[in-house]
Amino acid sequence: ACSSASLTVRRTVATPRAVPWLARQAYSLLLRLGTPAYLWRVWARGREEPAYRADWPWRLGWYGRAYREAVRRAPGRPVLWLHAVSLGEARAAAPLVQALRAQRPGMRLLLTHTTATGREAGRALLQEGDLQTWLPYDTPGAVRRFLRLHRPQVGVLMETEVWPNLQHEARCAGVPMVLANARLSEKSLKQGLRVGALMRPAAQAMSLCLAQTPEDAERLMHMGAPRVRVAGNVKFDMTPAAPLLTLGHAWQAASARPLVLAASTREGEEPGLLAAWQAACASLPSDEHRPRLCIVPRHPQRFDEVATLVREAGLNLSRRSAWPQGLPDAAAQSADVWLGDSMGEMPAYYAAARVALLGGSFAPLGGQNLIEAAACGCPVVMGPSTFNFAEAAALSEQAGAALRVADWAEGVAQALRVCEPAVQGPMSARALGFAQAHRGAAQAMAEAIWAAASAD
């Protein structure tokens, strides 16, 4: 049933068919009770990232007059709603959006996010007449208000975002939902099955799941998704912006010293990295050929924290945000460590580096996207934890574009070895070849999404 008012209760005892309904009602009640805590969390997050406080009523489906009027402009254009929760998904969505527009040039993009970094990155995908807002909090009322105002022709969720009320209300509103670039780890599957009465109906409400790998497809079907196709990984279709690559090459030239990049590091990883770096560099000569470390934290709210850790380790630091005209100055050229405290410049960091240590893989966090590094010709050294990108990690290792190590000490040692031109050159070529060989998922996904929109 699509609303409690339409229910007819015929039995006084719960039946198996009634269990999912009861589970969703309990879930909805908990979310309603937790709404003040949710709003407080968003507001508190805004202390470090002010963008979280922007348009915060939209998170509950309450929109001002100006936004409602903007939505009602351009009637007749098909609205494609795409949800890219955070920075990584927003950047990965770029080639998919391009392919979707190529097939339906008149489409109107409705872009939603959960995080401030995702919203900032998503602005680059917008064209005149497009819309951008927050994903509604998953209460029935907020989701209904969102769908009633925007009336999308189809909804596309990137990678892992499945929400019980969102799926239920979209089905009631006749909005086909597609999970694109879908991935589901074994751990996430087990967690979902523990609350199967809630998550199975959400998976079953999907019109189509476009899985990255056969293993992801199998797990999605086990979760209850009725239609699953293996479509590849759209992140292979990401093309680094030429100006950013040029900027990175300029940093490389200005550095004079080989640059080792610690890419998208997560909380708790930097102390081990810095200790391993200092131990490995203790035996190296202090000259112009000694490699320099560049750390780019995954989350911008940690920039100051990481800067403090570097200084407490006794290392001389230069912050990217302090460089005049965006190029390393004399202080930066003499620094032991560069801190990448800028947004949207990841390809520049990869282009500047001879090798990248993959953040999130040296703690049990599943790693980060290594495909972008390969597309920039940057070899990767990854730790033991890569379950978020299991197939890409395995394929890159098989292609000779990446190395797997056990810990930071081994990782730093291998990174320093890769800095040698005789090793780095061939690995860089293999990285570019690896990225090129797996392109084409965006086109296939776009065709499947529009077909799902027409079928429903």
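In case you missed it, the structure is sitting above this.
Residues numbered from 1 in each chain as written. Predicted model: local features only at pLDDT ≥ 70, side-chain atom pairs only at ≥ 80, totals over all residues. Heavy atoms only, no water.

Undergrad: Mind laying out the pairing of strand β6 (residues 208-211), listing which residues take part and the relevant values?
TA: Burial along β6 is two-sided: Leu 208 and Leu 210 facing one way and Cys 209 and Ala 211 facing the other are all buried. Sheet topology places strand β5 (residues 177-182) next to β6; three bridges connect them, and they run parallel. Bridging from a neighbouring strand, Val 178 pairs with Leu 208 of β6. Tracing the backbone out of β6, into helix α10 (residues 214-223) and back to the parallel element strand β7 (residues 228-230) gives a crossover that is right-handed. (Buried < 20%, exposed > 50% of the residue type's maximum accessible area, 1.4 Å probe, protein only. Helix = DSSP H or I, 4+ residues; strand = E, 2+ residues; numbered from the N terminus. Pairing = 2+ DSSP bridges. Right-handed = clockwise from strand over helix to strand, strands pointing away.)

Undergrad: Can you lay out the packing of aromatic side chains for me, pointing to particular residues and giving the numbers?
TA: Here the structure, examined in full by the defined rule, presents 12 aromatic pairs. Judged by centre distance (6.1 Å) and plane angle (45°), the ring pair of Trp 58 and Tyr 63 falls under tilted. Relative accessible area serves as the criterion here: at 9%, Tyr 63 is assigned to the buried category. With 5.2 Å between their ring centres and 25° between their planes, Tyr 63 and Tyr 67 make a pair best called stacked. A residue is classified by how much of its surface remains accessible, and Tyr 67, at 8% relative accessible area, is buried. Following the ring pairs from residue to residue traces out a cluster consisting of Trp 251, Trp 323, Trp 338 and Tyr 349. Geometry around Trp 134 places Arg 59 over its ring, the cationic atom sitting 3.8 Å from the centre. We note Arg 183 situated over the ring of Phe 389; from NZ or CZ to the ring centre the distance is 5.5 Å. (Phe/Tyr/Trp six-rings, centres within 6.5 Å; stacked < 30°, edge-to-face > 60°. Lys NZ or Arg CZ within 6 Å of the ring centre and 35° of its normal.)

Undergrad: Outline the nonpolar core, supporting the account with residue identities and numerical values.
TA: With 36 residues, the main nonpolar core has Leu 261, Trp 338, Tyr 350 and Leu 370 as its most contacted residues. Contacts of Tyr 350, omitting those with residues within four sequence positions, involve Leu 261, Ala 263, Ala 356, Asn 369, Glu 372, Ala 373, Cys 376 and Cys 378. Residues Ala 92, Ala 93, Ile 449 and Ala 453 belong to the second largest nonpolar core, which totals 33 residues. (Core = buried A, V, L, I, M, F, W, Y, C linked by side-chain atoms within 4.5 Å. Contact = heavy atoms within 4.5 Å.)

Undergrad: Before we move on, can you summarise the state of the cysteines with the specific residues and values?
TA: One pass over the full model with this rule turns up zero disulfides. For the unlinked cysteine Cys 294, the closest cysteine sulfur is that of Cys 378, found at 11 Å. With no disulfide of its own, Cys 376 lies 7.7 Å from the sulfur of Cys 378, the closest cysteine sulfur. Residue Cys 376 is classed as buried on the basis of its relative accessible area, which comes to 14%. (Disulfide = S-S within 2.5 Å.)

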